[in-house]
Amino acid sequence: MSRILENLLYAETHEWIDFIDDTTARIGISDFAQQELGDLVFINLPKPGDEVTAGVAFGDVESVKAVSDINSPVTGTISAVNTELPDNPELINKDPYKNWLIEVKYITGKSKLMNAGEYEDFCKKEETV
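The residue numbering used here restarts from 1 in each chain and proceeds along that chain's sequence as written. Predicted model: local features are reported for residues with pLDDT of at least 70 only, side-chain atom pairs are reported and counted for 80 or more only, and whole-chain, interface and lining totals are derived from all residues. Neither water nor hydrogens contribute to the side-chain values; these are computed over all heavy atoms in the structure.

**Student:** Sorry if this is basic, but what is going on with the overall build of the protein here?
**Tutor:** Check the secondary structure of the protein and you find three helices and ten strands. Per the convention used, a helix needs a DSSP run of H or I reaching at least four residues, while a strand needs a run of E reaching at least two, with both numbered from the N terminus. Element order for the protein, N to C, with α for helix and β for strand: β-β-β-α-β-β-β-β-β-α-β-β-α. Should any heavy atoms of two residues lie within 4.5 Å, those residues are counted as being in contact. For the protein, contacts bridging at least 24 residues in sequence account for 64% of all contacts bridging at least 6. Counted as positive: Lys and Arg. Counted as negative: Asp and Glu. His and the chain ends are not counted at all. All charge positions are set by atom: Lys at NZ, Arg at CZ, Asp at CG, Glu at CD. A gap of 2 Å separates the mean positions of the 11 positive and 24 negative side-chain charges of the protein.

Have a look at this one:
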C-alpha cells in the first residue's frame, strides 16, 4: 500500500498539493503514482513565471515503463521549481512527498481535490481496475 499523508490534498491524476497559505501551494506526485510509474529516469518541468491551469499538464515524467503527464491541481503562476529534480529524478522515487515539483502562487482556481481518506479509497478502486 502506498503512503498517503493526512495533511495534503490529492487530485484524481495522483498529484498532491500542500497549501502554504490561501494563495500559494507546493505540488508533487503521490507515492501511489511513483510506485505505478516505477524508476523515474527523466522529468520535464516548467519555469518560474509560467502559468498553470487546473486539470492541464504542466510537465511530464519518464520512467522505465512510460511517459506520463503531470497535471496541475490549481490555476496560478509558478513561483518556484525544485531545481534538484531534473538531474536527479530518482529523488521522487525515494520520497515523493519531500521532493515537491513546483510551487504555485496567485491561485485562482482548483480541480476537485480529495482529502487523505477520499484519496485512499480512490487508490483502492484504481488498484482493482
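**Student:** Could you clarify how one ought to interpret the side chain of Asn82 in this entry?
**Tutor:** With respect to the secondary-structure elements, Asn82 resides in the loop between strand S8 (74-81) and helix H2 (90-94). Excluding residues that lie within four positions of it along the chain, Asn82 makes contacts with Leu45, Asn99, Trp100 and Leu101.

**Student:** When you look at the pattern of salt bridges in this model, what are you seeing that I'm missing?
**Tutor:** Pairing between side chains of opposite charge can happen when their charged atoms approach one another. The salt bridge definition used is simple: a Lys or Arg side-chain nitrogen within 4 Å of an Asp or Glu carboxyl oxygen. Applying the stated criterion across every chain, the model contains four salt bridges. A salt bridge links Glu120 to Lys124; the shortest N-O distance between them is 3.7 Å. Here the residue Glu120 and the residue Lys124 both occupy positions in helix H3 (residues 116-128), the gap between them amounting to four residues, near one helical turn. We call a residue buried when its accessible area falls under 20% of the maximum for its residue type, exposed when it is over 50%, and partly exposed in between, using a 1.4 Å probe and counting protein chains only. By relative accessible area, Glu120 is classed as partly exposed at 30%. The class for Lys124 is partly exposed, based on a relative accessible area of 40%.

**Student:** Before we go on, may I ask you to explain the pairing of strand S3 (residues 24-29) in this structure?
**Tutor:** Along any regular strand, the residues point their side chains to alternate faces of the sheet. Burial within S3 is extensive, with five of its six residues counted as buried. In this sheet, S3 lies alongside strand S2 (residues 15-21) in antiparallel orientation, the contact comprising six bridges. If you follow Ile17 over to S3, its bridge partner there is Ile27. The antiparallel pairing of S2 with S3 creates a hairpin that spans two residues between the two strands. By this definition, two strands are paired if DSSP reports at least two bridges between them. Inspection of the sheet shows S3 paired to strand S9 (residues 102-110) by four bridges, in the antiparallel sense. Note on S9: the bridge partner recorded for Arg26 is Glu103.

**Student:** Even after reading the chapter, I still don't get H3, so can you show me in this structure?
**Tutor:** Within an α-helix, residues lying three or four positions from one another point in the same direction, as the helix has 3.6 residues per turn. Expected helix span is given by 1.5 Å per residue-to-residue step, counting one fewer step than there are residues. Between the first and last C-alpha of H3 there are 19 Å, a value that for 13 residues agrees with the 18 Å anticipated at 1.5 Å per step. Restricting attention to buried positions, one finds in H3 the residues Ala116, Tyr119, Phe122 and Cys123. For H3, the angular spread of buried residues about the axis comes to 120°, placing them on one side. Facing away from the buried side of H3 by more than 90 degrees, the exposed set consists of Lys125 and Thr128. Of the surrounding secondary structure, the elements contacted by the buried residues of H3 are strand S1 (9-11), helix H1 (31-37) and strand S10 (113-114). The opening residue of H3 is Asn115, an N-cap whose side-chain oxygen sits 3.1 Å from the backbone nitrogen of Gly117. Taken from the helix axis, the directions to the C-beta atoms give the arc we talk about. Polar contacts, as used here, are pairs of N or O atoms within 3.5 Å; protein pairs need one atom able to donate a hydrogen and one able to accept it. Residues neighboring in sequence count only if both atoms are side-chain atoms.

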